[in-house]
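# Observations on the three-dimensional arrangement
Here is what each chain is made of, one letter per residue.
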Amino acid sequence: MSGMHREVPIAGCQRVAVRSAAQLWYAADVKPLRYAAAALLAAVAGCSFDASGARPIGAPADAPVADARGDATVPDAATAIPDAGVATPDATAPPDADPCPTGYARSAATGSAYRYATTRRDWFEAEADCAADGFGTHLVVIADDTELDAIAAMVGTTQVWIGATDIVDEDQFVDVTGADLAFQPWKAGEPNDSGPGEDCVELADHAYNDDACHPTKQRYVCECDGIAPDPDAFTP
Ligand SMILES: [Ca+2]
Ligand SMILES: [Ca+2]
Ligand SMILES: [Ca+2]
């Protein structure tokens with residue numbers, strides 16, 4: 001919903017205004033006047049009024065909706081304004097609650113939160129496990145040297161899967177959110193797509209290597225940054 005209106009609870013007097021406005025819509029035979037009459041009535045009664053949808057907030061779902069010219073149109077379920085629902089802030093939630101799932105530790109250096117998973121999985125299993133943590137979690141996407149250092153400090157020299165792959169388009173590396181891979185600190189001679197092919201990226205001692213997504217099983221790092229993974233980026 002747009003921010004064009006201020007939502008207020010629909011008190012008794014406002015319900016009457018909304019109902020009257022809806023009746024005016026149907027009674028008036030000059031369409032532009034319908035809009036003006038409804039808006040005026042709602043305003044006088046203290047109702048909030050959604051100018052984009054031209055329906056008083058709280059109006060029944062079958063109340064008329066005006067387009068920009070003031071013509072009444074058939075209500076559309078996709079654009080209909082929810083009836084009288086007013087979001088109430090949760091007064092019990094602390095304002096600085098970390099939105100990331102339990103098990104993630106936030107890095108002051110990068111602003112993201114991470115989970116170092118020590119169960120060995122193939123790349124696909126690892127990405128699925130990260131994504132299952134919640135909205136905005138995925139295999140880590142390393143954006144720059146600062147984040148590289150943060151992850152290296154976490155895993156040492158242990159090889160870990162990260163959220164990068166060229167499985168959809170050989171040699172066109174993307175991250176698991178679907179963006180082109182912006183930061184690519186490859187080891188010398190990598191990526192080499194060795195053997196039957198290597199399409200998934202691991203961090204190995206501070207640099208990248210492409211490795212076989214499957215059946216190679218190793219540890220991995222998940223990141224919580226609020227960005228959802230895009231399966232199209234890693235579905236062959
Ligand atoms: Ca990141
Ligand atoms: Ca490859
Ligand atoms: Ca390789």
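What you see is a predicted model, and the numbers here were worked out from it, not measured in a lab.

## Here we look at the overall build of the chain
Looking only at helices and strands, the chain features 4 helices and 12 strands. For the chain, the residues scored as buried account for 32% of the 236 residues in total. Excluding contacts between residues fewer than 6 apart, the proportion of contacts in the chain whose partners are at least 24 apart in sequence is 62%.

## Observations concerning the environment of alanine 179
Here alanine 179 is to be found in the loop between β9 (174–175) and β10 (200–203). Look at alanine 179 and you get partly exposed, because 13 C-beta atoms sit within 10 Å. Taking the C-alpha atoms as reference points, alanine 179 and aspartate 230, 51 residues apart in sequence, are found 9.1 Å from one another.

## Description of unusual backbone geometry
Glutamate 190 connects to proline 191 through a cis peptide bond whose omega is 0°. The residue proline 191 is located in the loop between β9 and β10 in this model. The omega angle of the peptide bond from histidine 214 to proline 215 is 10°, so this bond is cis rather than trans. Residue placement: proline 215 occurs in the loop between β11 (208–211) and β12 (218–224). One non-glycine residue with positive phi stands out, namely aspartate 205, at about 55°.

## Examining the nonpolar core
Residues Leu139, Val140, Trp161, Ile162, Tyr220, Val221 and Cys222 are the most contacted members of the largest nonpolar core, which totals 32 residues. Put simply, the parts of the chain that give this core at least two residues each are β6 (113–121), α3 (123–131), α4 (145–155), β8 (160–165), β10 and β12. Setting aside its immediate chain neighbours within four residues, cysteine 222 contacts Tyr114, Arg115, Ala117, Cys130, Asp133, Thr137, His138, Leu139 and Val140.

## Topic: α3
Residues of α3 that are buried: Trp123, Ala126, Glu127 and Cys130. Seen end-on, α3 carries its buried residues on one side only, within an arc spanning 95°. Considering only its buried residues, α3 is in contact with β6, β7 (137–139), β8, β10 and β12.

## Regarding the pairing of β10
Burial along β10 is two-sided: Cys200 and Glu202 and Val201 and Leu203, pointing in opposite directions, are all buried. Joining the antiparallel neighbours β10 and β11 is a turn of 4 residues, in which aspartate 205 adopts a positive phi near 55°.

## Regarding the environment of isoleucine 167
For isoleucine 167, the position within the fold is in the loop between β8 and β9. Here isoleucine 167 falls in the partly exposed class, since 19 other C-beta atoms lie within 10 Å of it. A sequence separation of 46 residues divides isoleucine 167 from cysteine 213, and the C-alpha atoms of the two residues are 8.8 Å apart. The contact partners of isoleucine 167, leaving out residues within four places of it in the chain, are Asp199, Cys200, Cys213, Phe234 and Pro236.

## Remarks on the environment of alanine 182
Along the chain, alanine 182 turns up in the loop between β9 and β10. Take alanine 182: there are 12 C-beta atoms within 10 Å of it, and that puts it in the exposed class. For the pair alanine 182 and isoleucine 142, spaced 40 residues apart in the sequence, the C-alpha separation amounts to 8.6 Å.

## Comments concerning the pairing of β11
Where β10 and β11 come together, 4 bridges link them in antiparallel fashion. Across the sheet, leucine 203 pairs through a bridge with tyrosine 208, a residue of β11.

## Comments concerning α4
For α4, every residue scored as buried is listed here: Glu147, Ile151 and Val155. Looking straight down α4, one finds that the buried residues subtend no more than 60° of arc, so they occupy a single side. In α4, the exposed positions angled more than 90 degrees off the buried face are occupied by Asp145, Thr146 and Ala153. On its buried side, α4 packs onto β6, β8, β10 and β12. Positioned one or two residues after α4, glycine 156 has a phi angle of 65°, which is positive.

## Here's the deal with the confidence of the model for the chain
When pLDDT is averaged along the chain, the result is 75; 59% of the residues meet or exceed 70. Considering only residues more than four positions removed or in separate chains, one finds that residues 1–86, a stretch of pLDDT under 50, has 99 contacts.

Parameters at a glance
Residues numbered from 1 in each chain as written. Chains lettered and ligands numbered in written order. Predicted model: local features only at pLDDT ≥ 70, side-chain atom pairs only at ≥ 80, totals over all residues. Helix = DSSP H or I, 4+ residues; strand = E, 2+ residues; numbered from the N terminus. Buried ≥ 20, exposed ≤ 12 C-beta atoms within 10 Å, placed from the backbone. Contact = placed C-beta atoms within 7 Å. Core = buried A, V, L, I, M, F, W, Y, C linked by C-beta atoms within 7 Å. Arc of directions from axis to C-beta. Pairing = 2+ DSSP bridges. pLDDT = per-residue confidence, 0-100.

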